[in-house]
Amino acid sequence: MEIIILATPAVVARTAADVIEQQVRRGPTVLGLATGSTPLHTYLELIERHREDGLSFSQTQAFLLDEYVGLPTAHPQSYHSVIRAEFTGKVDFRPGSVHGLNGMADNAEAEASEYESHILAAGGVDIQILGIGTDGHLGFNEPMSSLSSRTRIKTLTHQTRQDNARFFTHVDEVPNHVLTQGLGTIREARHLLLLATGNAKAEAVAAAVEGPVAAICPASALQLHPHVSVLVDEAAASQLAHREYYSDTYGRKPAWQGL
Ligand code: GLP
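In this text, all values refer to a predicted model and were calculated from it rather than measured experimentally.

(A) Broad picture of the overall build of the protein chain. Assigned secondary structure in the protein chain consists of 8 helices and 10 strands. Taken over the C-alpha trace, the protein chain has a radius of gyration of 17 Å; the compact-globule value for 259 residues is 18 Å, and the two agree within 12%. Principal-axis analysis of the C-alpha atoms gives the protein chain an extent of 55 × 40 × 35 Å. For the protein chain, the proportion of contacts with a sequence separation of at least 24, taken over those separated by at least 6, is 78%. Of the roughly 11600 Å² of accessible surface on the protein chain, a fraction of 51% belongs to carbon and sulfur atoms.

So this is what it looks like as structure tokens:
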């Protein structure tokens, strides 16, 4: 796991966009996309590179991490709609190349297992973008999610529903249930890119990175993965005990190594 402490959220976004751009320019790519506010700056950066520098996503497929149960795809807060509005609809993904879970599926278990098969058939995820919940969730894997879990239905905690209430007119409108890739599914992506900015994430980042690997902090599952880059701003890094060590190591890293 490499922890990279960057000055501001804008530098976090540029660094994440650099990693994604390099991969996408290399050839056909499968991206794992996260919603939430944190990756929005990265998506804006990629949209700008598409418009200004010809970065093309025509050879890229994307899989969303999660989806609310009970929101039709066309609902403005379904993650299908959000990712289209914030990113994929503003660049040149081919029609049918952005995949998400169907939160209206009659059979959630069948939907989940088909989604897993679909990811495998695409060759697996090259780069998975991740945010982190204030309770340490990844995707919508709430505390006590099995570190080996697969895509399935989950019940949101009150805290997550409160955190996400800002996207709805009232907290009661935030769905109780979601479909999410499991921690075992996420861990199969070849490179995990965790983005976290702001003080509100400092505690969750410290628990995930420096705490024990434990289901109470789902993001601690990252410690089991061979290729994880944790990109944090100073505020999100503020509770890390070994900040100086991470910064010193990153500062002396040979440029050719990349992330
Ligand atoms: C939601 C998403 C997660 C995201 C988290 C944090 O619950 N399902 O994928 O990481 O929120 O969101 P934000 O970046 O807005 O803090």
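There's plenty left to go through after this.
(B) Structural detail: the site of the ligand. Taken together, 13 residues sit near the ligand, with Ser37, Thr38, Asp66, Arg166 and Lys201 positioned nearest. In this structure, an oxygen atom belonging to the ligand sits 3.4 Å away from a side-chain N or O atom of Asn164. Residue Lys201 places a side-chain N or O atom 2.5 Å away from an oxygen atom belonging to the ligand. Considering the ligand on its own, with 390 Å² of exposed area, one finds that the protein chains cover 94% of that surface. Its atoms largely coinciding with the cavity grid, the ligand occupies the largest pocket.

(C) Seen up close, the packing of aromatic side chains. Using the criterion set out here, one finds 10 aromatic pairs in the structure. Judged by centre distance (5.7 Å) and plane angle (70°), the rings of Phe63 and Tyr115 are edge-to-face. Remark: Tyr115 occurs in helix α4 (residues 108–121) and Phe63 occurs in strand β3 (residues 60–64); sequence separation between them is 52 residues. Under the relative-accessibility criterion, Phe63 is labelled buried at 0%.

(D) Focus on the pairing of strand β6 (residues 127–130). With burial as the criterion, each face of β6 is covered, one bearing Ile127 and Ile129 and the other bearing Gln128 and Leu130. Alignment of strand β2 (residues 29–33) against β6, held across 2 bridges, turns out to be parallel. Bridging across to β6, Leu31 finds its partner in Ile127. For β6 and strand β9 (residues 191–196), the ladder comprises 4 bridges, and the chain directions are parallel. Opposite Leu130, over in β9, you have Leu194 as the bridge partner.

(E) Molecular detail of the layout of surface pockets. Its volume calculated, the largest pocket comes out at about 450 Å³. Lining the largest pocket are 24 residues, with Gly36, Ser37, Ile132, Asn164 and Lys201 positioned closest to its centre. In terms of residue count, helix α5 (residues 158–164) provides more of the lining of the largest pocket than any other element does, 3 residues in total. The class makeup of the residues in the lining of the largest pocket is 8 nonpolar, 12 polar and 4 charged. Residue lining of the second largest pocket: 18 residues in total, with Val19, Gln22, Gln257, Gly258 and Leu259 positioned closest to the centre. Per-element tally for the lining of the second largest pocket: the top contributor is helix α1 (residues 9–26), with 6 residues.

(F) How the structure looks around the pairing of β2. Judged by how many residues are buried, β2 sits mostly within the fold: 5 of 5 residues are covered. On β2, burial covers both faces: Thr29, Leu31 and Leu33 on one face and Val30 and Gly32 on the other are all buried. As judged from the 5 bridges shared by β2 and β3, these two strands associate in the parallel manner. What sits directly across from Leu31, in β3, is Ala62. Crossover β2 to β3 through helix α2 (residues 40–53) is right-handed.

Cut-offs applied
- Residues numbered from 1 in each chain as written.
- Predicted model: local features only at pLDDT ≥ 70, side-chain atom pairs only at ≥ 80, totals over all residues.
- Heavy atoms only, no water.
- Helix = DSSP H or I, 4+ residues; strand = E, 2+ residues; numbered from the N terminus.
- Rg over C-alpha atoms; globule rule 2.2 N^0.38 Å.
- Contact = heavy atoms within 4.5 Å.
- Areas by Shrake-Rupley, 256 points an atom, 1.4 Å probe, with all protein chains shown as cover.
- Near = heavy atom within 4 Å.
- Polar contact = N/O pair within 3.5 Å; in protein donor to acceptor, adjacent residues only side chain to side chain.
- 1 Å grid on protein atoms, 1.4 Å probe; cavity = no way out; pocket = protein on both sides within 12 Å on 5 of 7 lines; lining within 4 Å.
- Sits in = over half its atoms within 2 Å of the grid points.
- Phe/Tyr/Trp six-rings, centres within 6.5 Å; stacked < 30°, edge-to-face > 60°.
- Buried < 20%, exposed > 50% of the residue type's maximum accessible area, 1.4 Å probe, protein only.
- Pairing = 2+ DSSP bridges.
- Points joined across faces, edges and corners; volume = space filled by probe spheres on them.
- Nonpolar A, V, L, I, M, F, W, Y, C, P; charged D, E, K, R; others polar.
- Right-handed = clockwise from strand over helix to strand, strands pointing away.

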